[in-house]
Amino acid sequence: MCPSLPKVVPKGFRLPKAAPPSRPSKAATAPKGVESEAAVDADRIHVTGHSNGAGFTYLLLEERAAVLASVSPSASGKGRGSSGEASREVAVLHAGSPRDRLVRWTFQEAAIRGLRRARDCGEGEPWELDPRVTRFPAKKGADVLLFEHGGGHRHNRAHAGL
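Here we summarise the structure given alongside this text. (Residues numbered from 1 in each chain as written. Predicted model: local features only at pLDDT ≥ 70, side-chain atom pairs only at ≥ 80, totals over all residues. Heavy atoms only, no water.)

## What to know about the overall build of the chain
From N to C terminus, the chain includes six helices and six strands. Buried residues in the chain amount to 39% of all 162 residues. Once local pairs closer than 6 in sequence are excluded, the contacts in the chain between residues at least 24 apart make up 51%. On the chain, roughly 9,700 Å² of surface is accessible, and the fraction owed to carbon and sulfur atoms is 51%. (Helix = DSSP H or I, 4+ residues; strand = E, 2+ residues; numbered from the N terminus. Buried < 20%, exposed > 50% of the residue type's maximum accessible area, 1.4 Å probe, protein only. Contact = heavy atoms within 4.5 Å. Areas by Shrake-Rupley, 256 points an atom, 1.4 Å probe, with all protein chains shown as cover.)

Here it is as structure tokens:
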């Protein structure tokens, strides 16, 4: 993680059952105090999480896509679909390992397949910015990126630099 960027770790942060009808303000979606502590660019909000935190990242993609620029879940699948219009516009970089014994790769692959299907993605190709990442070009919305590593259920340090 880049130490110069603000880090927000919500504890007990509840989301509504349905996504808001329009783009909510930064203040309405971020925990209190963030704007007073750091400059927040509403067009560059990125969310990442590992394992359960990645599940929450997928939930934010579903419920708060209108305020997100990108998400990068690590070692998780997702419980519900992220096929809505708004969520398709959010860039996704999923990091995971086929050797993960806690969150099975088949579960993670299902999440990636769902995102690819919703965005009408083509076949995977090496990402021009980093060949360790597979890019699935989207016809509808933002591309889906996959960083596959062999480290099991660990958060891979290379993921943070992508």
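## Describing the pattern of salt bridges
Taken as a whole, this structure holds three salt bridges when the rule is applied. Glu 125 is the partner of Arg 135 in a salt bridge, and the nearest nitrogen-oxygen pair spans 2.4 Å. With Arg 135 in strand β5 (residues 130–136) and Glu 125 in strand β4 (residues 125–127), this residue pair connects regions lying 10 residues apart in the sequence. Between Asp 130 and Arg 132 there is a salt bridge, with the nearest N and O atoms lying 2.6 Å from each other. Taken together, the salt bridges that share partners define one network made up of Glu 125, Arg 135 and Asp 143. (Salt bridge = Lys/Arg side-chain N within 4 Å of Asp/Glu carboxyl O.)

## Considerations on the sheet that holds strand β3 (residues 91–96)
The six strands lie next to each other as β1-β2-β3-β6-β5-β4, forming an open sheet whose pairing is mixed. Only two strands of the sheet have a single neighbouring strand rather than two, namely β1 (46–50) and β4. Neighbour-to-neighbour, the strand axes of this sheet turn through a mean angle of 25°, independent of strand direction. For β1 and strand β2 (residues 70–74), the ladder comprises five bridges, and the chain directions are parallel. Residue pairing for β2: Gly 49 is matched across the bridge by Pro 73. Sitting on the sheet, helix α5 (residues 105–119) touches β3, β5 and β6 (144–148), and the angle it makes with β3 is about 165°. (Pairing = 2+ DSSP bridges. Axes fitted to C-alpha atoms, helices over the stretch in contact; angles between N-to-C directions.)

## Here we look at unusual backbone geometry
Even without a glycine there, the phi angle at Ser 51 is positive, about 60°. Structurally, the position occupied by Ser 51 is in the loop between β1 and α3 (52–63). The exposure class of Ser 51 is buried, given its relative accessible area of 16%. A positive phi angle is found at Ala 75, which is not glycine, with a value near 60°.

Remember, this is a structural readout, not a statement about activity or role.
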